[in-house]
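Each chain, letter by letter, is given below.
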Amino acid sequence: MLYADGTYKRNAHAFSLWSKVSAYPYRLNSSVTSGALDVSKIHLLAGRNSSGNKALLLANLHTNTLSVTLNGMKSPIRTRIVSDASTGIQESSQTGLVVTIPGYSAALITEDGL
């Protein structure tokens, strides 16, 4: 999970996203729907913390980019993405509820900025 110099590999960054979603211990029922894509290649884990804020951990196993509408979440949101396009975690904040997830990536989306 680490390079010889101690820096994280991509799988370590992806694991850190899973670690962050564990701060949302109340699991939520969630699903992915699509009219065009094979949803068996999109994996989702959703949780809520004691303050009621939600988090989604999403894995996109498709080669193509997804545009995801976050029904049931409130704005603003913070997005962290680990993908083949970067050596680290790409972070952003936004007020809209449509997020772009690159192919072969993992994304953590939170309502409260944690």
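Refer to the preceding data block for the structure.
Residues numbered from 1 in each chain as written. Predicted model: local features only at pLDDT ≥ 70, side-chain atom pairs only at ≥ 80, totals over all residues. Heavy atoms only, no water.

Side chains bearing opposite charge may pair, as long as their charged atoms lie close to each other. What the rule picks out here adds up to 2 salt bridges. Between Arg78 and Glu91 there is a salt bridge whose closest N-O contact spans 2.2 Å. Of this pair, Arg78 sits in strand β5 (residues 77–83) while Glu91 is found in strand β6 (residues 90–94), placing the two residues 13 residues apart along the sequence. Judged by relative accessible area, Glu91 falls into the partly exposed class, the value being 46%. For Arg80, the salt bridge goes to Glu91, with nearest N and O atoms at 3.9 Å. (Salt bridge = Lys/Arg side-chain N within 4 Å of Asp/Glu carboxyl O. Helix = DSSP H or I, 4+ residues; strand = E, 2+ residues; numbered from the N terminus. Buried < 20%, exposed > 50% of the residue type's maximum accessible area, 1.4 Å probe, protein only.)

Turning next to the nonpolar core. Counting residues in each nonpolar core, the largest one holds 14 residues, and the members touching the most others are Leu56, Leu70, Met73, Ile77, Val99, Ile101 and Ile109. At the level of elements, β2 (42–48), β3 (54–60), β4 (66–69), β5, β7 (98–101) and β8 (105–110) are the ones that each hand at least two residues to this core. What Leu70 contacts, discounting residues up to four positions off in sequence, is Leu56, Ile77, Leu97, Val99 and Ile109. (Core = buried A, V, L, I, M, F, W, Y, C linked by side-chain atoms within 4.5 Å. Contact = heavy atoms within 4.5 Å.)

Relative to β2, strand β1 (residues 26–28) runs antiparallel, the two sharing 3 bridges. In the sheet register, Tyr26 faces β2, and the bridge partner there is Arg48. By the bridge criterion, 7 bridges tie β2 to β3 in an arrangement that is antiparallel. Residue pairing for β3: Gly47 is matched across the bridge by Ala55. (Pairing = 2+ DSSP bridges.)

Further remarks concern a nonpolar patch on the surface. On the surface, Met1, Leu2, Tyr8, Phe15 and Trp18 cluster together into a nonpolar patch covering about 560 Å² of accessible area. Overall, the relative accessible area of 43% leaves Trp18 in the partly exposed class. (Patch = residues over 30% accessible without salt bridge, like charges linked within 9 Å, V, L, I, M, F, W, Y side chains within 5 Å. Areas by Shrake-Rupley, 256 points an atom, 1.4 Å probe, with all protein chains shown as cover.)

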